[in-house]
Amino acid sequence: MKFHFLSSFKPENIDAADWNNWTWQLRHSLKTQDDFSQHFELTKDELLAFQQGKELFNVRTTPYYAGVANNSKSDSIRKILMPHRYEMAEGHQQMLDPLGEKKNNPAPRIIHRYSDRALFLITDICSVYCRFCTRKHFTGQEQAFIRNEEYEMAISYIRKHTGLREVILSGGDPLTVSDGQLDRVLSDLRRIDHIEIIRIGSRMPVVCPMRVTDDLVKIIKKNKPVYLMSHFNHPDELTSEAVEALERLVDNGIPVMNQMVLLNGINNHPALIQALNRRLVYLRVKPYYMFQCDPSMGTDHLRTSIEDSLEIQKELWGHLSGLAMPNLSVDIPNGGGKTYLVPNFQVSQDGRVRNYVGWDGVEAQYISPPENQIRKPDASAYECEWNDLKNSKKI
Ligand SMILES: *Cc1c(COP(=O)(O)O)cnc(C)c1O
Ligand code: SF4
């Protein structure tokens, strides 16, 4: 193998069969200061967070992910899972619902912002509560799978909105639910004629890769096309266990895309970004988004500046394969939607002549043909479909 992937650290007194069982991992997750102090030597700042910060956002990690943190060459993974006193500090922008999801919430557990695709939050449970979470107003509140009555209302909303083409299972973490529950959700969605694509957005391949069992893969495969959106943020998260989980998915024809978030002092360095994304591409996982961290409560110390993010992107440009380059994107606060950030290579424009300087300094012009020379092809065979998509109404 081209890259070397380390296994995570398993304490010797734990049986391998237990360790490799995902429900064991969830049942034995670390939640209290006591649990954490058995795996980590807590700093004063972390202790303060345990003592004061509980009401702000839950604390939880799988023993496996605690092992990844302990095996890491830096404290990056620790910062993702460990509460810190800074979470209680006053920030520069602190929003309870940074993506304005509450105003795009037409049915229980449905976030419908774009015309053709909607989120379906099937649970609010996660096996690790990431300190940077953007959905703190929802995640880990009730700690439950969606109630039956709400489930029926959500499914009926999706059924009625024939403009929807895609449903994104999210939460919480949709892979914390049982195989039976997941199968029910996926097959109910599959029975809806207008739903083409289902996505599952999950951090389980990162924080509990043993969740990716043969049975799970069968369920996902049976309900194809289902895309799995993983959430690796740091190359040290790619342990041999995680690699195996990803291979099991991809070998079974399940496309995996990765969404990462830039985090201050954790991964905001081009060396780390290239390392993560080259390994992902090698494992046949497509890096999809590289998000600016949302200004959710208690995340000020974890956010990078837009300037820092652009600088990292600029450094990677031209050196990192397009396959390995994720799209840098900011979610505009208050439900403005996602916007891509791209480097601007155009230096000037004179009518139809545009002047560019490429990433390594090559200067050249692109001269457009005149507008009266532009003709549209016959698209009548597809026009109906396009109009449907354009005119599909959210509500
Ligand atoms: C991010 C997001 C999506 C998916 O957007 P893509 O650009 O298609 O990945 C859909 N709905 C909401 C509310 C989102 O925040
Ligand atoms: S897994 Fe996702 S929803 Fe859960 S805490 Fe982490 S970022 Fe939030």
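In this text, all values refer to a predicted model and were calculated from it rather than measured experimentally.

## Side note on the packing of helix α12 (residues 270–282) against helix α13 (residues 306–316)
Item 1. Relative to each other, α12 and α13 sit at 60°, their axes nearing to 9 Å. In this view, α12 runs oblique relative to α13, as classed from their interaxial angle. Our pair here, α12 against α13, has a crossing hand that is right-handed. Touching P270, I273 and Q274 of α12 are I312, E315 and L316, all from α13.

## Thoughts on the pairing of strand β12 (residues 363–367)
Item 1. Burial analysis of β12 places just 0 of its 5 residues in the buried class, which makes it a mostly uncovered element.
Item 2. Two elements, strand β11 (residues 353–357) and β12, share 5 bridges in a ladder whose sense is antiparallel. The residue of β12 that forms the bridge with Y356 is A364.
Item 3. Between β11 and the antiparallel strand that follows it, β12, lie 5 residues; G361 among them carries a positive phi value of about 95°.

## Side note on helix α10 (residues 214–222)
Three- or four-residue spacings in an α-helix give side chains the same orientation, since the helix completes a turn every 3.6 residues.
Item 1. Residues of α10 that are buried include every one of L216, V217, I219 and I220, and no others. Looking straight down α10, one finds its buried side chains confined to an arc of 160°; they lie on one side. α10 presents D214, K218 and K222 as exposed residues on the side facing more than 90 degrees away from its buried surface.
Item 2. On its buried face, α10 sits against α8 (179–190), β4 (197–201), β5 (226–230) and α11 (240–251).

## A short note on the environment of G172
Item 1. Note that G172 resides in the loop between β3 (166–170) and α8.
Item 2. C-alpha separation for the pair G172 and I122, spaced 50 residues apart in sequence, amounts to 7.6 Å.
Item 3. Dropping the residues within four chain positions of it, G172 is found in contact with T123, D124, I125, C126, F138 and T139.

## Re the domain arrangement of the protein
Item 1. According to the domain assignment, the protein consists of domain 1 (16–88), domain 2 (102–340) and domain 3 (346–395).
Item 2. Relative to domain 2, the C-alpha centre of domain 1 lies at a distance of 21 Å.
Item 3. Listed as interface residues are 29 residues of domain 1 and, on the opposing side, 39 residues of domain 2.
Item 4. Interface of domain 1 and domain 2: buried area, both sides summed, is about 2,800 Å²; carbon and sulfur atoms make up 63% of it.
Item 5. When the area that domain 1 buries against domain 2 is broken down by residue, the three leading residues are W22, F57 and Y64, summing to 29%.
Item 6. Across the domain 1-domain 2 interface, the total number found is 2 salt bridges.
Item 7. We note a salt bridge from R131 to E87, for which the minimum N-O separation is 2.8 Å.
Item 8. The interface formed by domain 1 and domain 2 contains 16 residue pairs in polar contact (both at pLDDT 80 or more).
Item 9. Here the element with the most residues in the side of domain 1 that touches domain 2 is helix α6 (residues 76–81); it accounts for 5 residues.
Item 10. When its residues are assigned to classes, the side of domain 1 that touches domain 2 shows 15 nonpolar, 10 polar and 4 charged.

## As for the site of ligand 1
Item 1. Contacts to ligand 1 come from I111, R113, Y114, R117, L119, I168, R199, Y288, Y289 and K338.
Item 2. At a separation of 2.8 Å, an oxygen atom of ligand 1 approaches a polar side-chain atom of R199.
Item 3. At a separation of 2.7 Å, an oxygen atom of ligand 1 approaches a polar side-chain atom of Y288.
Item 4. Across the complex, the protein chains shield 87% of the 380 Å² of accessible surface that ligand 1 would expose by itself.
Item 5. Where the shell around ligand 1 is concerned, the elements lending two or more residues are β2 (117–121) and β7 (285–291).
Item 6. Across the shell around ligand 1, the residue classes break down as 6 nonpolar, no polar and 4 charged.

## As for the nonpolar core
Item 1. Ranked by size, the top nonpolar core spans 97 residues in total, and within it Y65, F120 and L169 carry the most contacts.
Item 2. Ranked by residue count, the leading element in this core is α11, at 6 residues.
Item 3. With near-sequence residues (within four places) excluded, Y65 lies in contact with I77, I80, L81, V128, R203, V206, V207 and E237.
Item 4. Formed by 5 residues, the second largest nonpolar core is a distinct cluster that contains I111, L119, F138 and I168.

## Some thoughts on the site of ligand 2
Item 1. Neighbouring ligand 2 are C126, V128, Y129, C130, F132, C133, T139, G172 and R203.
Item 2. Class assignment of the residues belonging to the shell around ligand 2 gives a composition of 6 nonpolar, 2 polar and 1 charged.

So, how was this worked out
- Residues numbered from 1 in each chain as written.
- Chains lettered and ligands numbered in written order.
- Predicted model: local features only at pLDDT ≥ 70, side-chain atom pairs only at ≥ 80, totals over all residues.
- Heavy atoms only, no water.
- Axes fitted to C-alpha atoms, helices over the stretch in contact; angles between N-to-C directions.
- Helix = DSSP H or I, 4+ residues; strand = E, 2+ residues; numbered from the N terminus.
- Parallel < 35°, antiparallel > 145°, perpendicular 65-115°, else oblique.
- Left-handed = near helix turned anticlockwise from the far one by under 90°.
- Contact = heavy atoms within 4.5 Å.
- Buried < 20%, exposed > 50% of the residue type's maximum accessible area, 1.4 Å probe, protein only.
- Pairing = 2+ DSSP bridges.
- Arc of directions from axis to C-beta.
- Domains from an automatic or database assignment.
- Buried area = accessible area lost by both parts, 1.4 Å probe.
- Salt bridge = Lys/Arg side-chain N within 4 Å of Asp/Glu carboxyl O.
- Polar contact = N/O pair within 3.5 Å; in protein donor to acceptor, adjacent residues only side chain to side chain.
- Nonpolar A, V, L, I, M, F, W, Y, C, P; charged D, E, K, R; others polar.
- Near = heavy atom within 4 Å.
- Areas by Shrake-Rupley, 256 points an atom, 1.4 Å probe, with all protein chains shown as cover.
- Core = buried A, V, L, I, M, F, W, Y, C linked by side-chain atoms within 4.5 Å.

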